[in-house]
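Architecture and fold: a report
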Amino acid sequence: MTEFQVAPSTLYVVSTPIGNLADITQRALDVLAGVDLIACEDTRHTQKLLTAFSIKAKTFSLHDHNERQRQEQISDWLKEGKSIALVSDAGTPLISDPGFHIVKFLKQNDLAVVPVPGACAAITALSVAGLPTDRFAFEGFLPSKSGARQSVLRALENESRTMVFYDAPRRAIDTVKDIVEVLGADRQIVIARELTKTFETIRTDSAAGFVTWLSKDANQLKGEMVLIIEGKRIDPNAISPEIVNTLKILLEELPPKKACAVAAKIYGVKKNTLYDFALSLK
Ligand code: SAM
């Protein structure tokens, strides 16, 4: 294998483990060992990671509160030929973590930004949730107050994609109670807690089931968690007012069988259900 060389004038966005240090990638180690500087969400936190891998590096802090003030300085360093790695405390930078403003600024200024992929709690949880992953909505952190949390959930009432949230386990009981209230007791949920760590727990249950289970086991309220909510199931027998309107228009132009086949394709409902309904319109 050829020896790894970092490119000059480049910002590397480097993912780091979300708990298990063995999840660091070889490329992440090469980049962290090779760059001139490492921008850290918290320098003390990243120092522990660097020490674990015997990497000596110059670090500086880059977090939500100084990201914009530091962008000129970082861009000057890159223009001088320096290479810089950006890391957050855990997982992929920019995913509910700092980095968006600096990446946007550097790209607007035609400076090189290179990804070094690795762990991300949302994707890790999704990969074992057993809920549809062909399409999903990442919704970041749920609000900590019940009123605001219920508003967010209400806005997602009709979301049919799998929904992924970050939340604090200490609020988990209140959160699942809000889900019961807004999305219903039967809605399927997956809670993925302490992923890749000693007490990793991944559980699937209904929202109501989680209220009972969490209330019985205080250990489940510790650490970090990803909450995944099943999307709204589309009832193949439901004929909404929108479908009725479309079907009526189609029936003016097409024979009933054809009109129903087209409407069924558009709305993903059963052809026979529509046909019975179309006949009842006569
Ligand atoms: N950028 C990170 C990523 O790529 O996953 C996420 C950072 S965000 C500030 C931290 C949140 O991610 C935690 O509150 C939790 O919801 C989730 N998280 C991080 N590590 C986790 C783990 N090991 N197990 C479960 N959830 C985790």
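Below is a summary of the structure that appears in this document. Remember, predicted model here, so these are calculated numbers, not experimental data.

Let us look at unusual backbone geometry. Backbone phi values are negative for most residues with the exception of glycine, while trans is the configuration of most peptide bonds. For leucine 94, which is not a glycine, the phi torsion comes out positive at approximately 80°. Examined against the element boundaries, leucine 94 turns out to sit in the loop between strand 4 (83-87) and helix 4 (100-108). Here the phi dihedral of threonine 196 falls at roughly 70°; this positive angle occurs in a residue that is not glycine. Here threonine 196 is to be found in the loop between strand 8 (188-193) and strand 9 (201-206).

In this section: the site of the ligand. Neighbouring the ligand are 19 residues, the closest being Thr92, Ile95, Asp97, Ala121 and Met225. Within the backbone of isoleucine 95, a nitrogen or oxygen atom sits 2.8 Å from a nitrogen atom of the ligand. The backbone of alanine 121 places a nitrogen or oxygen atom 2.7 Å from an oxygen atom of the ligand. Its free accessible area being 580 Å², the ligand has 90% of it covered by the protein chains. Elements with a contribution of two residues or more to the shell around the ligand: strand 7 (162-167) and strand 10 (225-229). A per-class count over the shell around the ligand returns 11 nonpolar, 3 polar and 5 charged.

On to the sheet that holds strand 1 (residues 10-14). With parallel pairing, 5 strands are arranged side by side in an open sheet as 3-2-4-1-5. This sheet does not close on itself; its edge strands, each paired only once, are strand 3 (58-61) and strand 5 (112-116). If you compare each strand with its neighbour and ignore which way they point, the axes differ by 25° on average. Bridge count for strand 1 against strand 5 is 5 bridges, and the pairing is parallel.

So, on to the side chain of threonine 46. Positionally, threonine 46 belongs in helix 2 (residues 43-52). Residues contacting threonine 46, with those up to four places away along its chain left out, are Cys40, Val87 and Ser88.

Relative orientation of the contacting elements helix 6 (residues 146-155) and helix 7 (residues 172-183) amounts to 45°, with a least axis distance of 10 Å. Judged by the angle between their axes, helix 6 and helix 7 are oblique. Handedness of the helix 6/helix 7 crossing: right-handed. For the pair helix 6 and helix 7, contact is made by Ser146, Arg149, Gln150, Leu153 and Arg154 and by Asp174, Thr175, Asp178, Ile179, Glu181, Val182 and Leu183, respectively. Of the residues in the contact of helix 6 with helix 7, the class split is 4 nonpolar, 3 polar and 5 charged.

Procedures and definitions
Residues numbered from 1 in each chain as written. Predicted model: local features only at pLDDT ≥ 70, side-chain atom pairs only at ≥ 80, totals over all residues. Heavy atoms only, no water. Helix = DSSP H or I, 4+ residues; strand = E, 2+ residues; numbered from the N terminus. Near = heavy atom within 4 Å. Polar contact = N/O pair within 3.5 Å; in protein donor to acceptor, adjacent residues only side chain to side chain. Areas by Shrake-Rupley, 256 points an atom, 1.4 Å probe, with all protein chains shown as cover. Nonpolar A, V, L, I, M, F, W, Y, C, P; charged D, E, K, R; others polar. Pairing = 2+ DSSP bridges. Axes fitted to C-alpha atoms, helices over the stretch in contact; angles between N-to-C directions. Contact = heavy atoms within 4.5 Å. Parallel < 35°, antiparallel > 145°, perpendicular 65-115°, else oblique. Left-handed = near helix turned anticlockwise from the far one by under 90°.

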